[in-house]
Amino acid sequence: MASQQALTELAKRRGFFFGANEAYGGTAGFYTFGPEGAALKRNVESAWREQFTLRLGNEEIEAPTVMPEPVFEASGHLDGFDDMLIECAECGESHRADHLIEDAVADIEDAEALGVDRVEELIRDHDLACPTCGADLAGEPVEDFNLMFETSIGPGSGQPGYLRPETAQGIFVEFPRLKEYARGQLPFGITQIGPAYRNEISPRRGIIRVREFTQAELEQFIDPEEDEPPLEAVEDVEVTLYPVSEQHADDGEYIETTIGEAVDDAIITSPWVAYFLGVAQGWYERVGVDMDRFRFRQHLSGERAHYAADCWDAESEIGGNWIEIAGFAYRGDYDLTKHGEHSEDRFTVFKRYDEPKTVETATVDPDMAALGPEFGGAAGDVADALQALAESDPDAFDGDEVTVEIDGEIYTVDTEVANFSVEEQTENGEHITPHVVEPSFGVGRTVYTLLEHAYSEDEVDDETRTYLSLAPEIAPTDVAVFPLVSNDDALIDVASDLADELRAAGISVSYDDSGSIGRRYRRQDEVGTPFCVTVDQDGLEGDDETTVTLRERDSAAQLRLPVADLAAELEAVFDGDREFADLQDRYERVDTDVTTD
């Protein structure tokens with residue numbers, strides 16, 4: 001297990017990630033992914049896209065990262081997307097109040113769920129001090145701080161806008177057009193991978209909590225009355241669950257179960273959420289997350305987002321702490337209903353009946369010639385209120401008069417003027433608002449998890465070797481190719497041609513002829529390259545064919561392979577059709593240790 005310091009140092013040294021804008025003193029909460037980190041992140045995104053877009057039969061879009069203010073008024077982010085802020089009166093530094101509690105009180109894992117008043121009380125009870133200057137924070141107010149970055153769209157004062165705090169809103173806003181591409185047929189899923197922005201009060205722990213990050217999200221639109229997930233595909237998947245009931249219990253424990261049993265036992269109440277937990281479990285295992293340091297934790301009621309009826313987090317253990325790396329929320333019809341109310345478009349799907357239905361519809365046809373003189377400018381609102389009343393309470397029109405309330409004022413209308421009637425209509429279907437199930441993955445946090453879980457050390461020739469045991473699918477580079485020495489033209493020519501041949505086969509290659517062969521191995525081990533290929537003189541002097549040495553990263557085992565076989569064998573390993581152990585059964589083992597300097 002790597003310490004945060006060791007992993008951060010490796011990340012900087014080998015080009016995974018480092019603080020942005022360091023030439024100007026750095027900017028807290030922003031990181032640059034170096035060459036190795038960008039490649040690793042790109043591979044994680046590709047693996048996610050392959051699973052959650054392609055395999056599940058979904059479509060992908062790319063929406064703008066800046067959106068106008070009305071979008072976030074409708075979504076609720078302007079009013080409810082807050083964190084707890086406390087400011088030190090002595091030095092002026094701002095801190096996440098709930099984080100201060102979690103760091104200081106051992107038995108509190110999620111202080112955000114406690115509420116502002118309770119957090120203020122705990123700060124007083126535990127005499128918490130400012131982490132920056134040590135001043136007493138007791139008595140300082142805790143406030144809600146909105147996390148969105150505000151901007152202006154257009155010149156001058158322009159139109160107020162915000163950098164999106166989640167990629168989801170881009171999908172919801174475009175639903176009226178996206179449903180057309182789906183031919184109005186539920187269920188259907190839309191994915192998006194891209195940046196999101198949150199003005200974190202106190203960014204910390206490297207790329208774990210930052211102000212700009214990448215999300216990979218799927219919005220699954222369903223008919224809640226009819227659509228069921230293919231639960232049979234994941235019902236036997238074994239999972240570790242930490243539900244609310246166990247979090248509240250004094251001796252709460254994890255529940256080791258299967259997806260199917262968790263649904264049957266009502267531990268997970270939404271079959272759709274359970275389905276995506278099962279899919280995600282397999283994906284995380286595939287890309288290299290240590291399943292002994294992985295769990296699904298259910299949100300407590302106080303920490304659930306404003307839109308979520310239920311939510312489970314995928315969490316990984318990092319440095320002794322659990323961090324959220326994905327969320328699985330049942331958002332209901334909240335998002336589409338809100339955008340339907342605030343916009344001028346229809347956020348529903350027409351659900352066609354199997355057979356036409358004859359229904360009775362209550363309606364009014366008010367005499368506006370009577371309403372106008374009596375109510376003036378309010379006449380139109382009175383007419384609308386009468387129609388709404390007819391639909392909700394037809395019996396209200398049984399008397400001689402009917403009353404409606406508009407903005408607290410009562411209006412009385414003669415029933416004859418309202419012109420109430422009940423008509424029979426034949427309907428072929430109805431407009432319904434789909435519900436949404438959302439798996440949302442933090443790409444940067446997944447990258448950090450993979451790096452820490454892959455970090456390994458062993459002893460080679462009385463020397464500590466550090467290596468990243470990354471899954472071949474997501475490792476930044478597939479293969480490194482070396483000439484054994486850098487002053488032999490024959491070796492260099494063969495190594496260069498081999499690197500080109502592997503690249504032509506779709507394999508990512510790092511060519512390195514700098515320094516001793518041992519140092520080159522060490523460099524590739526530290527960036528997680530699964531295989532190294534060394535061209536040496538013995539391989540060129542064979543009677544029948546040119547051979548090379550293939551070294552596997554984790555075991556440091558070396559095999560002698562014909563150059564003609566290499567590309568095909570590596571492709572089979574990367575495609576999952578073959579393992580390195582299979583190659584060990586077929587090719588000569590090289591016992592000479594060339595890993596030292």
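Our subject in this report is the structure included herewith.

Rules of the game
- Residues numbered from 1 in each chain as written.
- Predicted model: local features only at pLDDT ≥ 70, side-chain atom pairs only at ≥ 80, totals over all residues.
- Heavy atoms only, no water.
- Pairing = 2+ DSSP bridges.
- Helix = DSSP H or I, 4+ residues; strand = E, 2+ residues; numbered from the N terminus.
- Axes fitted to C-alpha atoms, helices over the stretch in contact; angles between N-to-C directions.
- Phe/Tyr/Trp six-rings, centres within 6.5 Å; stacked < 30°, edge-to-face > 60°.
- Buried < 20%, exposed > 50% of the residue type's maximum accessible area, 1.4 Å probe, protein only.
- 1 Å grid on protein atoms, 1.4 Å probe; cavity = no way out; pocket = protein on both sides within 12 Å on 5 of 7 lines; lining within 4 Å.
- Points joined across faces, edges and corners; volume = space filled by probe spheres on them.
- Nonpolar A, V, L, I, M, F, W, Y, C, P; charged D, E, K, R; others polar.
- Parallel < 35°, antiparallel > 145°, perpendicular 65-115°, else oblique.
- Left-handed = near helix turned anticlockwise from the far one by under 90°.
- Contact = heavy atoms within 4.5 Å.

Let us look at the sheet that holds strand S5 (residues 82-87). The strand order across the open sheet formed by 3 strands is S6-S5-S7, and the pairing between neighbours is antiparallel. Two strands bound the open sheet, and with one partner strand each, they are strand S6 (94-96) and strand S7 (142-146). Along the sheet, successive strands turn relative to each other by an average axial angle of 45°, direction set aside. Where S5 lies against S6, 3 bridges are found, and the strand directions are antiparallel. Its bridge partner being in S6, glutamate 87 is matched across the sheet by serine 94.

A separate point is the packing of aromatic side chains. Inspection of the entire model under this criterion finds 28 aromatic pairs. Seen in terms of ring centroids, phenylalanine 172 and phenylalanine 221 are 6.3 Å apart; in terms of plane orientation they differ by 80°. Their pairing is edge-to-face. Of the two residues, phenylalanine 172 sits in helix H7 (residues 168-173) while phenylalanine 221 sits in strand S11 (residues 212-222), which places them 49 residues apart along the sequence. For phenylalanine 172, a relative accessible area of 0% gives the class buried. Owing to a relative accessible area of 0%, phenylalanine 221 belongs among the buried residues under this scheme. Pairing phenylalanine 531 with phenylalanine 574 gives two aromatic rings, centres 6.0 Å apart and planes at 65°, and the pair type is edge-to-face. With phenylalanine 531 in strand S26 (residues 531-535) and phenylalanine 574 in helix H20 (residues 563-574), the pair connects residues that are 43 residues apart, well separated along the chain. Residue phenylalanine 531 is classed as buried on the basis of its relative accessible area of 4%.

Moving on: the layout of surface pockets. A volume near 290 Å³ is recorded for the second largest pocket. For the second largest pocket, the lining is made up of 13 residues, of which Asp107, Glu109, Asp110, Gln247 and Leu300 are closest to its centre. Looking at the lining of the second largest pocket, its residues break down into 6 nonpolar, 3 polar and 4 charged.

Here helix H2 (residues 35-55) crosses helix H11 (residues 271-287) at 150°, and the two axes come no closer than 11 Å. Comparing their axes, H11 and H2 come out roughly antiparallel. When you trace H2 past H11, the crossing you get is right-handed. For the pair formed by H2 and H11, the contact residues are Val44, Ala47, Trp48, Glu50, Gln51, Phe52 and Arg55 on the first element and Val279, Ala280, Trp283, Arg286 and Val287 on the second. Considering only residue class, the contact of H2 with H11 consists of 8 nonpolar, 1 polar and 3 charged.

In short, geometric facts, not functional conclusions.
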